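Single-letter residue listing:
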Amino acid sequence: MPILGQNQYGKAENRVVKITRDGATHHIRDLNVSVSLSGDMDEVHYSGSNASVLPTDTTKNTVYAFAKEHGIASPEQFGIHLARHFVTSQEPIHRARIRVEEYAWERIEHAGKGAHSFVRKGQETRLAQITYDGTSWEVVSGLKDLVVMNSTDSEFWGYVKDKYTTLPEAYDRILATEVSGRWRFNWTDDEQRMPDWEESYEQTRKHLLQAFAETYSLSLQQSLYQMGSRVIDHRDEIDEIRFSLPNKHHFLVDLEPFGLKNDHEVYHAADRPYGLIEATVVRDGCEPRIPVDLSNL
């Protein structure tokens, strides 16, 4: 008889928007929450008995109820509340994984009364994954879709050349990428002091952006390492950070047929194919745990 392997179930992509009303001033947290549970679930697969199954519809309802009962201080804190609840309240559930995306809104300043008008920010999506097994925690935060560009201070030359190489060496180029990053915290149990999740996210984002801007780059790999190193050096609560950086190529347009000189002014932005640079930066003495393939995170 075949043996059941790893399994999990839950409710994916529960969209919850929490409005906090502070008089005439409102605050928004806009989340996409996915719940995944695993544990003593063999029988439901073998015989179809649902005696140990908490309905996925219940997990959805829990997300909305917890938004009211606990509020949403941060994606990480909200995920911790959910994970702890599912593992401690349901005996068959041994492990809970909560994935959260947060979509940011920016307040629209206007002359009218109140502060309750917003425009959706077109920058990154904030990410968090919280995993709890009843004893230990793993919190991995991150972001995606953060597009950055240096219009100079980037070169690319001295690379391997063979008979198929046509790319000219560049001594002044645009360097642009769309940052997808994940970072793992060293907070693992309730006896430790919990990080300030909001402060940590803002500071981590700040450091990786500053490293990108301040690095005179000879390769996107070099920029990646500087971004990761700066986060590790400045944020003691983080032991590991992994990036996936597509190289958003910008090629100088040949204007000579029109009798014009293109002095690094006009570029063609190519969306594909693109170079894809990926790597992990880890604190010395720590083991990397973030999956190599971020799509599996």
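Residues numbered from 1 in each chain as written. Predicted model: local features only at pLDDT ≥ 70, side-chain atom pairs only at ≥ 80, totals over all residues. Heavy atoms only, no water.

(A) Broad picture of the packing of aromatic side chains. Within the structure shown, the criterion is met by seven aromatic pairs. Here Tyr132 and Trp137 contribute two aromatic rings whose centre-to-centre distance is 3.9 Å and whose plane-to-plane angle is 15°, an arrangement assigned as stacked. Each member of the pair, Tyr132 together with Trp137, is buried. Their ring planes at 35° and their centres at 6.1 Å tell us that Trp183 and Tyr201 sit as a pair that is tilted. (Phe/Tyr/Trp six-rings, centres within 6.5 Å; stacked < 30°, edge-to-face > 60°. Buried < 20%, exposed > 50% of the residue type's maximum accessible area, 1.4 Å probe, protein only.)

(B) Representation of the sheet that holds strand β1 (residues 14-22). What the eight strands build is an open sheet, ordered β1-β2-β3-β6-β7-β8-β9-β12; its pairing is antiparallel. The sheet terminates laterally at β1 and β12 (275-282), the two strands that pair on one side only. Mean inter-strand twist for the sheet, computed between neighbouring axes without regard to direction, equals 20°. Across the face of the sheet, helix α3 (residues 75-89) comes into contact with β2 (25-39), β3 (93-103), β6 (125-132) and β7 (137-150) while running at roughly 25° to β6. Against the sheet, helix α5 (residues 220-234) contacts β8 (175-185), β9 (238-247) and β12, and its axis sits at roughly 155° relative to β9. (Pairing = 2+ DSSP bridges. Helix = DSSP H or I, 4+ residues; strand = E, 2+ residues; numbered from the N terminus. Axes fitted to C-alpha atoms, helices over the stretch in contact; angles between N-to-C directions. Contact = heavy atoms within 4.5 Å.)

(C) Structural detail: the packing of helix α4 (residues 197-214) against α5. It is at 8 Å that the axes of α4 and α5 come closest, and there the two elements cross at 140°. With respect to their mutual orientation, α4 and α5 come out oblique. In this structure, α4 meets α5 at a crossing whose hand is right-handed. Where α4 approaches α5, its residues Thr204, His207, Leu208, Gln210, Ala211, Phe212 and Glu214 are matched on the opposing element by Gln226, Met227, Arg230, Val231 and His234. Residues belonging to the contact of α4 with α5 are distributed by class as follows: five nonpolar, five polar and two charged. (Parallel < 35°, antiparallel > 145°, perpendicular 65-115°, else oblique. Left-handed = near helix turned anticlockwise from the far one by under 90°. Nonpolar A, V, L, I, M, F, W, Y, C, P; charged D, E, K, R; others polar.)

(D) Quick peek at the pairing of β1. Strand direction decides the pairing type here: β1 and β2, joined by nine bridges, are antiparallel. Bridge assignment links Val17 to a residue of β2, and that residue is Asp30. Hairpin remark: β1 followed by β2, antiparallel, with two residues in the connecting loop; positive phi at Gly23, about 65°.

(E) Main features of a nonpolar patch on the surface. Residues Trp157, Tyr171, Tyr216 and Leu218 make up a contiguous nonpolar surface patch of roughly 430 Å² in combined accessible area. Within the fold, Leu218 resides in the loop between α4 and α5. Exposure remark for Leu218: the relative accessible area of 41% places this residue in the partly exposed category. (Patch = residues over 30% accessible without salt bridge, like charges linked within 9 Å, V, L, I, M, F, W, Y side chains within 5 Å. Areas by Shrake-Rupley, 256 points an atom, 1.4 Å probe, with all protein chains shown as cover. Salt bridge = Lys/Arg side-chain N within 4 Å of Asp/Glu carboxyl O.)

(F) The arrangement of the pattern of salt bridges in detail. The final tally for this structure, using the stated rule, is 17 salt bridges. As a salt-bridge pair, Arg205 and Glu124 come within 2.7 Å of each other at their nearest N and O atoms. Here the residue Arg205 occupies a position in helix α4, and Glu124 occupies one in the loop between β5 (118-120) and β6, the gap between them amounting to 81 residues. Across the salt bridge formed by Glu237 and Arg235, the nearest N and O atoms sit 3.0 Å from each other. By relative accessible area, which is 14% here, Glu237 ends up buried. Overall, Arg235 belongs to the buried group, its relative accessible area being 15%. A single network of salt bridges, built from pairs that share partners, joins Arg29, Glu76, Glu102, Arg126 and Glu198.

(G) Summary view of the packing of helix α2 (residues 56-69) against α3. Close contact between α2 and α3 brings their axes to 11 Å; oriented N to C, the two are set at 130°. Compared by their axis directions, α2 and α3 come out oblique. Between α2 and α3 lies a crossing whose hand is right-handed. Judged by residue contacts, Thr59, Thr62, Val63, Phe66 and Ala67 of α2 engage Phe78, His81, Leu82, His85 and Phe86 from α3.

(H) Seen up close, the side chain of Thr62. Along the polypeptide, Thr62 turns up in helix α2. Each residue touching Thr62, except ones within four places of it in the same chain, is listed here: Leu82, His85 and Phe86.

(I) Region of the structure containing α5. The terminal C-alpha atoms of α5 lie 21 Å apart, and with 15 residues this matches the ideal 21 Å at 1.5 Å per residue to within 8%. All buried positions along α5 are accounted for by Leu220, Ser223, Leu224, Met227, Gly228, Ser229, Arg230, Val231 and Ile232. Each element contacted by the buried residues of α5 is listed here: β8, α4, β9 and β12. (Expected span 1.5 Å × (residues − 1).)

(J) Structural detail: a negative patch on the surface. Side chains of Asp40, Asp42, Glu43 and Glu91 sit close together on the surface and give a patch of like negative charge. Structurally, the position occupied by Asp40 is in the loop between β2 and α1 (42-46). (Lys, Arg positive; Asp, Glu negative; His and termini not counted. Charge placed at Lys NZ, Arg CZ, Asp CG, Glu CD.)

(K) Molecular detail of the pairing of β3. With eight of 11 residues buried, β3 lies mostly within the body of the structure. In terms of strand pairing, β3 meets β6 through seven bridges, oriented antiparallel. By the bridge assignment, Glu101 is partnered in β6 with Leu127.

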